[in-house]
Amino acid sequence: MSAAVGLRASRPAYALFVLPFVAIYLLLLLWPLAKGVWISFHDHDLLSDDSLWVGLANYGELWEDEVFHQVVWNTLRFVAISTPIFVGLSLMLALALNRPGRLATFLRATFFCASVFSVTLITLVWKLALMPERGLVAQAFHAMGLPELPLLTSDNLAMLTVALVTVWWIIGLPMIMFLSALQQIPSDIYEAAALDNTPRWRVLTHITLPCLKRAIILVALIEVIRQFQVFPQIMLMTNGGPNNTTRSVVQFIYEQAFMQLSLGYATAASQVLLAIMLVGVSTQLWLERDKKGQR
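The shown structure was predicted, so the numbers you read here are calculated from the model rather than taken from an experiment.

Reading guide: rules and limits
- Residues numbered from 1 in each chain as written.
- Predicted model: local features only at pLDDT ≥ 70, side-chain atom pairs only at ≥ 80, totals over all residues.
- Heavy atoms only, no water.
- Helix = DSSP H or I, 4+ residues; strand = E, 2+ residues; numbered from the N terminus.
- Rg over C-alpha atoms; globule rule 2.2 N^0.38 Å.
- Buried < 20%, exposed > 50% of the residue type's maximum accessible area, 1.4 Å probe, protein only.
- Contact = heavy atoms within 4.5 Å.
- Areas by Shrake-Rupley, 256 points an atom, 1.4 Å probe, with all protein chains shown as cover.
- Lys, Arg positive; Asp, Glu negative; His and termini not counted.
- Charge placed at Lys NZ, Arg CZ, Asp CG, Glu CD.
- Core = buried A, V, L, I, M, F, W, Y, C linked by side-chain atoms within 4.5 Å.

(A) Highlighting the overall build of the chain. What the chain contains, in helices and strands, is 14 helices and two strands. What you see for the chain is a C-alpha radius of gyration of 25 Å, clearly larger than the 19 Å of a compact globule of 295 residues, by over 25%. Across its three principal axes, the chain shows a C-alpha extent of roughly 90 × 75 × 40 Å. For the chain, buried positions account for 36% of its 295 residues. Restricting to contacts in the chain with at least 6 residues of sequence separation, those with at least 24 account for 67%. When the accessible area of the chain is evaluated, it comes to approximately 18,200 Å², of which 68% is carbon and sulfur surface. Positive and negative charge centroids in the chain, built from 19 and 18 side chains respectively, lie 17 Å apart.

(B) Representation of the nonpolar core in the model. Counting 27 residues, the largest nonpolar core has Ala94, Met175, Phe178 and Leu212 as the members making the most contacts within it. Going through the elements one at a time, helix 3 (66-97), helix 5 (119-129), helix 7 (158-170), helix 8 (172-182) and helix 11 (213-228) are the ones with two or more residues in this core. Looking at this core element by element, the count peaks at six residues for helix 3. When near neighbours in sequence (up to four residues on either side) are disregarded, Ala94 contacts Met175, Phe178, Leu179 and Leu182.

(C) Region of interest: the environment of Gln183. With respect to the secondary-structure elements, Gln183 resides in the loop between helix 8 and helix 9 (187-195). Judged by its relative accessible area of 56%, Gln183 falls in the exposed class. Here the alpha-carbon distance between Gln183 and Arg99, two residues 84 residues apart in the chain, equals 9.6 Å.

(D) View of unusual backbone geometry. Backbone torsion omega between Gly241 and Pro242 reads -5°, so that peptide bond is classified as cis. Looking at the secondary structure, you find Pro242 in the loop between helix 12 (232-237) and helix 13 (249-258). Positive phi, close to 55°, is recorded for Asn243, a residue that is not glycine. Note that Asn243 resides in the loop between helix 12 and helix 13. Given the relative accessible area of 63%, Asn243 is considered exposed.

Given below as structure tokens:
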């Protein structure tokens, strides 16, 4: 009886262990989110710090803004191009490098090291490599007798080029996640498959991939969220061009807030981006849950 009373008496003290997390969560996440929603209902000028309540006027202006429509479409295209490449290529790299040996260790470190470089360094290297006529890529095309492609100045190729550079830059992070998941698969399963002389493709499709299902979903969700926020490599490589075909939503928000000094309009655009991201992630989770229910 006394032990039960003591346990009840100490329960309020448990909140002290949770309090730091709750405080940081409220301060760094919920409060900025609520503040952003509040600012989006105002015409807020950063230069004069004047704020005027306009209600849903900013959202209505976004609905009619053709430039915003274009940047949303550009961002969706970037996500649609880069995310499948991230998932597929990083999975193949993890499968190929999930083995002992110095060469595999060296290659794993090489792929991962690229992701720790700054975006400024990566874009500078690739802008030099993609330079017309004198760049490494142009010289390679000339050496093979092929016509040079306007990779950063073509409306059709610029977004694809930026997406491939992004994949080259941070492919190491999802690869490491897949490697971690692969190393958690019990080796007994593979030993049993080897005793049965199971073909490699059957081991891959019936053992490895099913065991990696959660990792694949996790990597896909992380990359969708990350790629929706694409900004620095586009800003530094194409500055949104050519003809506004690579300008992203985050670049649009940056320009409205810090160049046009229209914080309310920019914040409304950021709320729309958040809503799009939530819809995309929720849809993917719902589809995956629906597939599990059918099974």
